[in-house]
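Structural characterization, general
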Amino acid sequence: MSSTIQYQYEPDHLQNSEPTKYRAEDLTPEQMVINIGPQHPSTHGVLRLEVVTEGEIVVDVVPHLGYLHRCFEKHAESLPYNQIIPYVDRMDYLASMNSEHAYAMGVERMLGIQDQIPPRVEYIRVLVAELNRLASHFLAIGTYAMDIGAYTPFLWMMRDREHIQRMLEWVCGARMLYNYIWIGGLFYDLPVGFEKRCQELVAYLLPKLSELESLVVDNKIFVERTANVGVLPLDLAINYGVSGPMLRASGLRYDLRRVDSYSVYPELDFDIPIGEGKMGAVGDCWDRTYVRVRECYESLRIIEQCITQLTGDHQRTREFDPRAVVPKKIRPKQQDLYVRAENPRGELGFYFRADGRSDIPFRCKARSSCFVNLSILAELSRGGMIADLVAILGSIDIVLGEVDR
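First, a word on what this report is: a plain description of the structure on this page. In this text the structure is predicted, and so the values were computed from the model without any measurement.

Attention now moves to the layout of surface pockets. For the second largest pocket, the calculated volume is near 150 Å³. Around the second largest pocket, the lining residues are A145, I148, G149, A150, T152, P153, L215, V216, N219, I221 and F222. The set of elements that each furnish at least two residues to the lining of the second largest pocket consists of α5 (152-172), α6 (194-217) and α7 (220-226). In the lining of the second largest pocket, the residues fall into eight nonpolar, three polar and no charged.

In total, this model carries 13 aromatic pairs according to the counting rule given. Centroid distance W286 to Y290: 5.2 Å. Interplanar angle 10 degrees. Geometry classified as stacked. In this pair, W286 and Y290 are both assigned in helix α11 (residues 285-310), four residues apart and thus about one turn of the helix distant. Among the aromatic residues, ring-to-ring pairing joins F72, Y81, Y103, F350 and F352 into one connected group. One Lys or Arg, R258, reaches over the ring of F270 and ends 4.0 Å from the middle of that ring. Directly above the aromatic system of F371 lies the positively charged group of R405, at a separation of 5.2 Å from the ring centroid.

This brings us to the pattern of salt bridges. Taken as a whole, this structure holds 34 salt bridges when the rule is applied. Here E200 and K196 are joined by a salt bridge, their closest N and O atoms 2.8 Å apart. Of this pair, E200 and K196 both sit in helix α6, four residues apart, roughly one helical turn. Judged by its relative accessible area of 40%, E200 is partly exposed.

Definitions and cut-offs
Residues numbered from 1 in each chain as written. Predicted model: local features only at pLDDT ≥ 70, side-chain atom pairs only at ≥ 80, totals over all residues. Heavy atoms only, no water. 1 Å grid on protein atoms, 1.4 Å probe; cavity = no way out; pocket = protein on both sides within 12 Å on 5 of 7 lines; lining within 4 Å. Points joined across faces, edges and corners; volume = space filled by probe spheres on them. Helix = DSSP H or I, 4+ residues; strand = E, 2+ residues; numbered from the N terminus. Nonpolar A, V, L, I, M, F, W, Y, C, P; charged D, E, K, R; others polar. Phe/Tyr/Trp six-rings, centres within 6.5 Å; stacked < 30°, edge-to-face > 60°. Lys NZ or Arg CZ within 6 Å of the ring centre and 35° of its normal. Salt bridge = Lys/Arg side-chain N within 4 Å of Asp/Glu carboxyl O. Buried < 20%, exposed > 50% of the residue type's maximum accessible area, 1.4 Å probe, protein only.

Laid out in structure tokens, this is it:
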């Protein structure tokens, strides 16, 4: 005995997906609403996309946040400055060293001790930050290739990222959430032999990056899936406040390590890669991946220069104390301050408001590059295919800990 199941459209079904921006009366008979995420591998975490489609064409995309609840800024209002660093780690948990660096610089400027930081501490900070930038880009490129159908690059990138993670774990004992860069210094000096192992790592990674370019960036299928897809014009990127590799892929040579010249970056020689439209239009998904790959080469150059300094003019001595300038009590004068740094995904900024009486900030606001970059998603996706939406989202390289902070 067979039975036939009949499906009938029910307007009430849309209410089961609430909250939604679009209602049944907003849609034409040819349109429908699709939820992508929050439990979906291509949304890179707990991001929910409300996608309005007409057939295979994307009409609009509405990102819905609020599924992670890190609550960083509320936590920061009840903790002393030095105890906030572990919470900073948990925003962009793929680039914790970079985030710690920005936060520590901000509090040091409020205390007026930024010029007292020993040069060896600054070079170690840049060294571990660039190692973390490499690990972050490796994961971004690997997962992006997997998003659009290539599994081998993901395995290769995770293999090489693991070498970097072990180096960072050797430095501070933690695999991802480090609490290594402290206000005024470091948790501890580099382990004995770390510089030599870093040199070996650089020698290992350089040919691996060449293999990566052949496997992914120059791959015919990858080019066809990403070139001329999700094109971000430079004026639109600037108007939306986009930063990092996304902005540089649109053709603007803007990097806070050069623009703000913080830490010891002015003493280091490195280039700022930009999108050139080699395979398609300037600012497309291919360019964004290309810029990240080229940045990996530049990070290796920076790491080599830091190792030269740490084994030369600023080598370890028995007298060196990485905590020499770490304040016992952090109580800045009454002031407002904004500090920013170049994270792997763009500008990470911290706005502080100190009342001059407490060691707890009255306000600590994080300006997240992931949150701002995600706001461009609808502009890039309208008129494209659903399959291209996944490619566009992956090219933005978001981390939800920084979006839903």
